[in-house]
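This is what each chain is made of:
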Amino acid sequence: MANSHATPHHDYHLVDPSPWPLVSSIAVTIMMVGAVVWMKGLVPADSGPIADALLVKGQKALFFAGLAGVLTAMFGWWSDVIKEGRQGYHTPVVSIGLRYGMMLFIASEAMLFAAFFWMFFEMSVFNEARAHIPEVGAWADTAKSWTAANGDSIWPPKGVETLDPWQLPLLNTIILLLSGTTVTWAHHALQSGDRNGAKMGLLITVLLGALFTGVQAYEYYHIIHENLFFNEEAAGSGLYGSIFFMATGFHGFHVLIGSIFLLVCLLRLYAGQMTPQKHFGFEAAAWYWHFVDVVWLFLFAFVYVVYG
């Protein structure tokens, strides 16, 4: 039987069977189960110290095994897509589909962050209604933490020491805004045939992304070790810390993924795989990076400045 995938005779790409969707699904499941088990510390109470140590190591190993599988699937899947593009399968019709797919992916990411902002605004804007709910059951401590001595509602809750937005958060804002200009420079340089300029702009963008991650890691270290959100006075105020780390942490994860995305594009540039006419991988990475920039501006404005 002839191979229908040997040579494209039409505008549409019939994808060959690929193991990567199944491999990535299994790897993500293993990684997330490992993360939950690791964080929750699911160790039998009656086990001895040696058994405890072995179980903890096993829980960590489960997470890192899943992570290794995810990275392997990413490398294999992206490599296959790049090969398909170089073999001529990414026709104009396929390219339009890729662009629509990336747009829908970014739209889904926007909905994810919309949910985080919804939670944050629900607590910060409507804290007065929450504070005066009858103190019943587990809600009693939370309602108490949102109520000042005079009976008025307060936000952030009692005991929470917020960060100064004009220090590390402002520094990270400047870093991301600058990275947005350098990735735009790199994109325009590639479009005009200036490969050296594209490499330089993209290298600076990747380095700025790494710097942002480092600053945020230091910020988290400061919050945790100084007990700014979690202390005796802030008992019952865990909702603030939860949504803070959820929103800013997921954004930081997106910065890390975007940095890897751009690093792959940089390596491909050095390998001579992108041209001024065909470089959708770089274009998609730039879209993603600008999305990350915009989300951070909203996080900085509302989580750190207005309601911080």
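Refer to the structure printed above.
By convention here, each chain's residues receive numbers from 1 onward along its written sequence. Where local features are concerned, this predicted model is filtered to residues with pLDDT of at least 70; where side-chain atom pairs are given and counted, the filter is 80 or more; whole-chain, interface and lining totals use all residues. Only hydrogens and water are set aside when side-chain values are computed; all heavy atoms of the structure are taken into account.

A. Examining a nonpolar patch on the surface more closely. Distance thresholds for patches are 9 Å for like charges and 5 Å for nonpolar side chains (Val, Leu, Ile, Met, Phe, Trp, Tyr), applied to residues having over 30% relative accessible area and no salt bridge. Each accessible area value is a Shrake-Rupley result obtained with a 1.4 Å probe; residue values ignore everything except the protein chains displayed when judging cover. The term salt bridge refers to a pairing of a side-chain nitrogen on Lys or Arg with a carboxyl oxygen on Asp or Glu at a separation within 4 Å. Residues Trp77, Trp78, Val81, Phe253, Leu256 and Ile260 make up a contiguous nonpolar surface patch of about 500 Å² in total accessible area. Breaking the nonpolar patch down by element, the ones donating at least two residues are helix 2 (49-86) and helix 8 (238-270). Secondary structure counts use DSSP, requiring at least four H or I residues in a row for a helix and at least two E residues in a row for a strand, with both numbered from the N terminus. Here isoleucine 260 lies in helix 8. Here the term buried applies to any residue with accessible area under 20% of the maximum for its type, exposed to any over 50%, and partly exposed to those in between, with areas from a 1.4 Å probe on protein chains only. Residue class for isoleucine 260 comes out partly exposed when judged on its relative accessible area of 30%.

B. Representation of the packing of helix 3 (residues 92-125) against helix 9 (residues 280-306) within the structure. The angle between two axes is taken between their N-to-C directions and runs from 0 to 180 degrees, where each axis is a line fitted to C-alpha atoms and a helix contributes only its stretch in contact. One way to put it is that helix 3 packs onto helix 9 with a least axis distance of 11 Å and a crossing angle of 15 degrees. What the angle tells us is that helix 3 and helix 9 run roughly parallel. The way helix 3 lies across helix 9 gives a crossing that is right-handed. Of the residues in helix 9, those in contact with Leu98, Arg99, Met102, Met103, Phe105, Ile106, Glu109, Ala110, Phe113, Phe117, Phe120 and Phe121 of helix 3 are Phe280, Glu283, Ala284, Trp287, Tyr288, Phe291, Val295, Phe298, Leu299, Phe302 and Val303. For this classification, the nonpolar set comprises Ala, Val, Leu, Ile, Met, Phe, Trp, Tyr, Cys and Pro, the charged set comprises Asp, Glu, Lys and Arg, and every other residue, Gly included, is treated as polar. Of the residues that constitute the contact of helix 3 with helix 9, the class distribution is 20 nonpolar, no polar and three charged. Oblique is the label for any angle not covered by the other classes, which are roughly parallel (under 35 degrees), roughly antiparallel (over 145) and roughly perpendicular (65 to 115). Take the far helix as the reference: if the near one is turned anticlockwise from it by less than a right angle, the crossing is left-handed, and if turned clockwise, right-handed. The contact rule is simple, with two residues in contact once any of their heavy atoms fall within 4.5 Å.

C. View of the side chain of threonine 182. Relative to the helices and strands, threonine 182 is located in helix 6 (residues 168-191). In this structure, threonine 182 is in contact with Gly201, Ile204, Thr205 and Leu208, ignoring residues within four places of it in sequence.

D. Spotlight on the side chain of glutamate 219. Assignment of secondary structure puts glutamate 219 in helix 7 (residues 195-225). Take glutamate 219: its relative accessible area is 2%, and that puts it in the buried class. Once you skip the residues sitting within four places of it in the chain, glutamate 219 turns out to touch Leu163, Leu168, Pro169, Phe244 and Tyr304.

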